[in-house]
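What follows is the residue order along each chain.
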Number of protein chains: 2
Amino acid sequence: MADSVRIVEVAPRDGLQNEAVAVSVATKLDLIRQLRDAGLAAIEVGSFVSPKRVPQMADTDEVVRQLNLDGGVRYPVLVPNEQGMVAALAAGVREIAVFASASETFSQKNINCSIEQSIDRFRPVVEMAKANHVAVRGYVSCVLGCPYEVKVAMNAVVSVSRKLAELGCYEISLGDTIGIGTPWQARDMVRAVAGELDIATLAAHFHDTRGQALANILACLEEGVSVVDSAVGGLGGCPYAPGAAGNVSTEDLAFMLDGLGIHTGVDLSRVVAAGQFISAALGKTSRSKVAQSMCA
Amino acid sequence: MADSVRIVEVAPRDGLQNEAVAVSVATKLDLIRQLRDAGLAAIEVGSFVSPKRVPQMADTDEVVRQLNLDGGVRYPVLVPNEQGMVAALAAGVREIAVFASASETFSQKNINCSIEQSIDRFRPVVEMAKANHVAVRGYVSCVLGCPYEVKVAMNAVVSVSRKLAELGCYEISLGDTIGIGTPWQARDMVRAVAGELDIATLAAHFHDTRGQALANILACLEEGVSVVDSAVGGLGGCPYAPGAAGNVSTEDLAFMLDGLGIHTGVDLSRVVAAGQFISAALGKTSRSKVAQSMCA
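Residues numbered from 1 in each chain as written. Chains lettered and ligands numbered in written order. Predicted model: local features only at pLDDT ≥ 70, side-chain atom pairs only at ≥ 80, totals over all residues. Heavy atoms only, no water.

Residue and element names in this part refer to chain A. In this structure, E171 sits in strand 7 (residues 171–176). Judged by relative accessible area, E171 falls into the buried class, the value being 2%. For E171, the side chain forms a polar contact with the side chain of R137, separated by 2.8 Å. Here E171 is in contact with R6, V8, V136, R137, G138, T201, A203 and V227, once residues within four sequence places are set aside. (Helix = DSSP H or I, 4+ residues; strand = E, 2+ residues; numbered from the N terminus. Buried < 20%, exposed > 50% of the residue type's maximum accessible area, 1.4 Å probe, protein only. Polar contact = N/O pair within 3.5 Å; in protein donor to acceptor, adjacent residues only side chain to side chain. Contact = heavy atoms within 4.5 Å.)

So, in structure tokens, the structure goes:
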């Protein structure tokens, strides 16, 4: 098991993107700075997707422009296509994230093209990134199941991961998008991907839809995974299960990692404060149980 | 890891005891029958404690009297002393649970006597149980921490567990009462106790105060633990952390065990229905994320 884990904080993007309450640029910047000051070394700050599809992310260019991108913290933004990449470069981003699904049906329904086509669509995006010294992270969604297919084939997960790596992604984040997996499924999936790619380049991305996220992460840590995505307040949702839990909460993850003796560089009380800040801005109770136990 | 796990459902006792909304005998019986019909083979149905201290449990004798105790399901009740044991026997119980703390300070503050004195207090209770062919289960509380002592000594957990076993308890339930532990702490604690007692006689009892319960249970399962306590709806609380989460939810536990390929004999949809039933009776949203994802 790794001695240290890098937490990739995704609340400002994956966490906020489906929230109905509009969050201002100032509030997003306040959140991002609080997360940075809490010791998080990678914070996904937004996405350059269609403002019609995801209105909450329409001001990502302004967020990026007002951020100080120096200081050793990674601030990736999600980019879906060349048009988004042009906007991202204009705003000055230094890291992007691209994404593909391990489920053919999900790919068709979510982005209206096949898995293969989605990879091809990212080819020029990644070339633009390389030409501009922009780092590229890759997401694979539906690694343990999808809303349309009963079972997602393990070799589809391996194949998409390899393709994203070959495209030039320095890290592949394996996402249980609908939070359907359990620990041995997570372990077997990571083992399969690690059979082809260096485990140091793999990240675990779990949604807590069925309460399994931390147990699944534990199983991934036991396999040697050393990068984990999470969102303060357990923000984020699943469009396929309204009312269900979102991303695993950074607070509960940091508490577990600390108890396991794994270094994260994160200050738990500051992370809790950041989670309480954004939960209050959204008018909701934090889903983090650590936060609930400390702030009740 | 065990092929099958016995879930001990504690919602009617540990789950309800601190709830302010009074639950009628009829509702409790309805809940217990739903839990039984869902396949739960051990259901803690109440406690014979002071009605002044725990008013919610004042009607346990009536609950037991109206239950059909036949049918191969265990229905333990918590008994704190000889007076409670007399009442339990009069009601016809066939299994009781006694309890001691691994923390000296917690024992003093919670039941006003030392750990040693609490064990002595249970001696005549267990003798009465044996004389009446009543099975005895033992709880050890504060196995990973307590509200008053920074750290609870591992040898205190081992020593109290052994004493309860020597007293005549057929099973020792190791309780993280304040939900403070993380997976390796849980693993090390179980290993220490299993060094003296057969692991088949140990149960894992986790509160989800900091969201760690399922991950901790996974670590215990990996050590060979095959009995796990839980409560539908994640009912239960921590008097030391108002607003904090309660017992690990039976729904989320059953989902994990099923995914791990471990037999429980439990019908998940019926367990979810029972959890929704009692949550509605209490006027609260279920804390089970599986329930939230299915019932949103």
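A few words on the nonpolar core. Membership of the largest hydrophobic core comes to 202 residues, with the highest contact counts inside it found for I96(A), L164(A), L174(A), I96(B), L164(B) and L174(B). Those residues within four positions of L174(B) in sequence are excluded, and the remaining contacts are V140(B), V143(B), V157(B), S161(B), M189(B), V190(B), V193(B), L202(B), A203(B), A204(B) and H205(B). (Core = buried A, V, L, I, M, F, W, Y, C linked by side-chain atoms within 4.5 Å.)

Another aspect to go through is the packing of helix 6 (residues 115–131) of chain B against helix 7 (residues 154–167) of chain B. All names here are of chain B. The geometry of helix 6 relative to helix 7 is characterised by a closest axis approach of 9 Å and an angle of 25 degrees between their N-to-C directions. As judged from the angle between their axes, helix 6 and helix 7 are roughly parallel. Of the two possible hands of crossing, helix 6 and helix 7 adopt the one that is right-handed. For the pair formed by helix 6 and helix 7, the contact residues are I115, E116, I119, F122, R123, V126 and K130 on the first element and V160, K163, L164 and L167 on the second. (Axes fitted to C-alpha atoms, helices over the stretch in contact; angles between N-to-C directions. Parallel < 35°, antiparallel > 145°, perpendicular 65-115°, else oblique. Left-handed = near helix turned anticlockwise from the far one by under 90°.)

Geometrically, a pair of aromatic rings is defined through the distance of the ring centres and the angle of the planes. Residues and elements named next belong to chain B. The tally for this structure, following the rule as stated, stands at four aromatic pairs over all chains. When the centroid spacing of 5.4 Å and the interplanar angle of 70 degrees are considered together, the rings of F99 and F122 count as edge-to-face. Taken together, the residues F99 in strand 5 (residues 95–101) and F122 in helix 6 connect sequence positions 23 residues apart. Ring centres of F106 and Y148 lie 6.4 Å apart, and the angle between their planes is 40 degrees; on these two criteria the pair is classed as tilted. (Phe/Tyr/Trp six-rings, centres within 6.5 Å; stacked < 30°, edge-to-face > 60°.)

In this section: the relation of the copies chain B and chain A. Placing chain B over chain A gives an RMSD of 0.0 Å and needs a rotation angle of 180 degrees, together with 0.0 Å of translation along the axis. The symmetry that links the two subunits is that of a two-fold axis. Proximity to the rotation axis, assessed at the C-alpha, singles out A215(B) in chain B; its C-alpha lies 2.0 Å from the axis. When you check the interface residues of chain B against chain A, 100% turn up at the interface there too, and the contact is symmetric in its surfaces. (Least-squares fit on C-alpha atoms with pLDDT ≥ 70 in both.)

The next thing to look at is the interface of chain B and chain A. Listed by partner, the interface residues are 31 residues for chain B and 31 residues for chain A. For the pair chain B and chain A, the summed buried surface comes to about 2600 Å²; carbon and sulfur atoms form 64% of the total. Interface area lost by chain B to chain A is led by W184(B), F255(B) and K289(B), which between them contribute 24%. Inspection of the chain B/chain A interface yields two salt bridges. Applying the counting rule to chain B against chain A returns six residue pairs in polar contact (both at pLDDT 80 or more). (Buried area = accessible area lost by both parts, 1.4 Å probe. Salt bridge = Lys/Arg side-chain N within 4 Å of Asp/Glu carboxyl O.)

Turning our attention to the sheet that holds strand 3 (residues 46–47) of chain B. All names here are of chain B. Across the sheet, which stays open at both edges, the nine strands sit in the order 2-1-9-8-7-6-5-4-3 with parallel pairing between neighbours. Bordering the open sheet on either side are strand 2 (42–43) and strand 3, each of which pairs with just one other strand. The sheet contact formed by strand 4 (residues 77–78) and strand 5 spans two bridges and is parallel. Across the sheet, L78 pairs through a bridge with A97, a residue of strand 5. (Pairing = 2+ DSSP bridges.)

Residues and elements named next belong to chain A. Counting buried residues along strand 7, six of its six residues qualify, which places the element largely inside the surrounding structure. Covered by surrounding structure in strand 7 are E171, S173 and G175 together with I172, L174 and D176, the residues of both alternating faces. One ladder, built from four bridges, connects strand 6 (residues 135–141) with strand 7; its direction is parallel. Each residue of the ladder has a partner; that of G138, found in strand 7, is I172.

Take it as geometry only, folks, not as evidence of what the structure does.
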